[in-house]
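Summary of structural features
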Amino acid sequence: MDQVSNLLAERGPVVASVALLLAGVFVLSSLGLFSNGAAKLPLVGQEIGSAEKRRKAFIANARDLYARGYKQFQNKAWRLTDTDGERIVLPRHLVDEARRIPDSHIDINKAFEKANEIKYTGLGGNQQHTDFLIHLIRSDLTRGLNRINTRLSAETAATVIRELGPCEDWTPAVVYSKLLRIVAIVSGNIFLGPELCQQDEWTNPAITYTVDLFTAIGKLKQWSPWTRPIGQYFIPELKSIKQKRKQARAWLAPVIAERRKLMKEGKELPDDMLQWMMNKSAEFNISDDDLSLIQLNLSLAAIHTTTLTTTMTLYDLVVRPDLVKELRHEIKTVLAANDNVLTTQALFQMKLLDSVMKESQRLNPGSLVRFVRYVEKPVTLSDGTHLPSGSMIESPYGSIVQDPTLYTNPQTFDAHRFLNLRNGTVPDPLEYKNREQYQFVTVTKDFMHFGYGRHACPGRFFAANEIKLILARILLDYDIKMPDGVTERYPNLKMGLDDLPDPTREIMFKRAKA
Ligand code: HEM
């Protein structure tokens, strides 16, 4: 456990790179790609000077550049220079158009692979694996949520108490590292089953694999592209991620062999992601050896993103004791109406909690951009905007959710904002036909925290359930407060695209009286 805390303390800024995961893809060198059509688009920050100066300005204050571009060119595309080159920033209506264009032209995976330095990290590059994972998340995990929720709920209840401890008096805890373990174990119950999810031989590598991977990518990016073939030898994390893949294979191989035996003998089979994968692996032409890698990729996509979202919501809650009271009341009322079981239906009824989580996402974007895509083949959009092949496009998500014409008083944390919009008790600036679009899991061109279009996060339904379960359990079982003398919410870490909760901060926990 402390191992994870130390790791986070040492590498806090690296954990911040998880924001790039939230953005769906990562930075990509696009120097030299704008000699064609895109050069006609206005370049925000041109007055700063050379590309190098603009790059530095981006690292120091990307938020201002996006805010400026967003204000100046609301309905038009524009460009800016980021850490690696230039990007085309699209307004909401053009993102809506771009999401309908086939993957053969506007591609998420290609961007992912290039930006993840696939050549050195080995991350990505296997479309078959990605398609398989997405299929399983959609057809087995999400569709199975009703069935697995009771189990998830029981695992959450036990894990929260075990990981946060007795806390007979006020006890400080680093929220992010506590939640990382809780999320890894609770998700692990469904990914690998109730026994394996408790084993540190899996949870520790599953957690640190992501950290090492992003550390390696971050370090590689500091080397210029042509020196990276040498730079790779100075990055120990590249070795460590390879070792972790090997360890994962070795650790899971006997489990898979045992399960194959059970399958042959026609015995009762576990009900978890590993088993669903094994049931369908032949159909998707996936070898047993690859399953461990796919499990690691699942942890990569699921654990840190879910932990960050839960952390930032807790940071927002701990400074609002009245809201905590109101939420407890909601949770207890819903529990009482559902025979004390947090079923999917019960979680759906926690509409204030849903609203609080979404409002927390709105004010803590993680990354300032979403819908980051690589243009594989040139595209011209309806207003004449030309997207040359090889360019990167994105949506200025962080600016959209701060737009006062879309969100009233956008600077204010309004816990009831999305609840009121859903209930129709306040005017809806976006005039949605269906007010349920204000739910936490819904993606729209106005709220892309989980991305947008056909590649929007398939795991968001599972994540929403898990976050609600964890927060509900924490609020029922513990009182929370800020450490003595701290009154303000912990500020986010902001650098370049990152706008994330600080993973090193403590809050105080005390076991609540029954
Ligand atoms: C609060 C937690 C999470 C957040 C904020 C989040 C966010 C995102 C975002 C922004 C994307 C990119 C979408 C786009 O560019 O349009 C994405 C993709 C993805 N997410 Fe999540 N995610 C979360 C949890 C999960 C979980 C729990 C899983 C697995 C169970 C998961 C699996 C995936 C996968 C497989 C993709 C790739 C989809 C594709 O390429 O089509 N995510 N996620």
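One can find the structure itself at the top, above this paragraph.
If you're wondering where the values come from, they're calculated on a predicted model, not measured in any experiment. Numbering of residues starts from 1 in each chain and follows the order in which that chain's sequence is written. Restriction of local features to residues with pLDDT of at least 70 applies here, the model being predicted, together with a cutoff of 80 or more for giving and counting side-chain atom pairs; totals for whole chains, interfaces and linings are based on all residues. Side-chain metrics rest on all non-hydrogen atoms present in the structure, leaving aside hydrogens and water.

Right, let's talk about the side chain of Asp96 for a bit. For Asp96, the location among the structural elements is in helix α5 (residues 92-98). Setting aside anything within four residues of it in sequence, one finds Asp96 in contact with Lys445 and Tyr452. Note on conventions: DSSP H or I runs of at least 4 residues are helices, E runs of at least 2 residues are strands, and numbering of each starts at the N terminus. Note on definitions: a residue-residue contact is assigned when non-hydrogen atoms from the two residues lie within 4.5 Å.

We now examine the nonpolar core. By convention a nonpolar core is built from buried Ala, Val, Leu, Ile, Met, Phe, Trp, Tyr and Cys residues, the set being connected through side-chain atoms within 4.5 Å. Relative accessibility decides the category of a residue: with a 1.4 Å probe and only protein chains considered, values under 20% of the type maximum give buried, values over 50% give exposed, and everything between is partly exposed. The biggest cluster of nonpolar side chains holds 129 residues, and the ones touching the most others in it are Leu90, Met273, Leu387, Ile393, Ile474, Ile480 and Phe509. Tallying contributions element by element places helix α15 (residues 288-318) first for this core, with twelve residues. Of all hydrophobic cores here, the second largest spans 16 residues; its members include Tyr66, Phe73, Leu368 and Met392.

Attention now goes to the coordination of the iron atom of the ligand. Each metal's donors are the N, O and S atoms found within 2.8 Å of it, except that Na, K and Ca use a 3.2 Å limit; water is left out, so coordination can look incomplete. Of all protein atoms, Cys457 (SG) alone acts as a donor to the iron atom of the ligand, lying 2.3 Å away. In this fold, Cys457 is placed in the loop between α20 (417-423) and α21 (460-477).

At least two DSSP bridges between two strands are needed for those strands to be called paired. In spatial order, the strands read β1-β2-β9-β6-β3; together these five strands make up an open sheet with mixed pairing. Among the strands making up the open sheet, the edge pair consists of β1 (78-81) and β3 (106-107). One ladder, built from three bridges, connects strand β6 (residues 370-375) with strand β9 (residues 392-395); its direction is antiparallel. Pairing of Arg373 across the sheet is with Ile393, part of β9. Orientation is described by lines fitted to C-alpha atoms, with helices fitted over the stretch in contact, and by angles between N-to-C directions that extend from 0 to 180 degrees. Packing against the sheet, helix α6 (residues 108-115) makes contact with β3, β6 and β9, and its axis sits at approximately 90° to β6.

With that out of the way, let us pick up empty space enclosed by the protein. By rolling a water-sized probe across the atoms, one finds the places where empty space is left. Within this scheme a cavity is a closed region of a 1 Å grid, computed over the protein atoms alone, that accommodates a 1.4 Å probe without allowing it to escape, whereas a pocket is open but has protein on both sides within 12 Å along at least five of seven lines; lining residues each have an atom within 4 Å of a point. Grid points are joined across faces, edges and corners, and a volume is the space filled by probe spheres set on the points. Evaluation of the coordinates by the stated rule reveals two cavities of 30 Å³ or more. In this structure, the largest cavity encloses a volume near 60 Å³. For the largest cavity, the full set of lining residues is Ala98, Arg99, Ile101, Asp103, Ile106, Phe371, Arg373, Tyr452, Gly453, Arg454 and His455. Side-chain classes follow a simple rule in which Ala, Val, Leu, Ile, Met, Phe, Trp, Tyr, Cys and Pro form the nonpolar group, Asp, Glu, Lys and Arg form the charged group, and the remainder, Gly included, forms the polar group. Grouping the amino acids of the lining of the largest cavity by side-chain chemistry returns five nonpolar, two polar and four charged.

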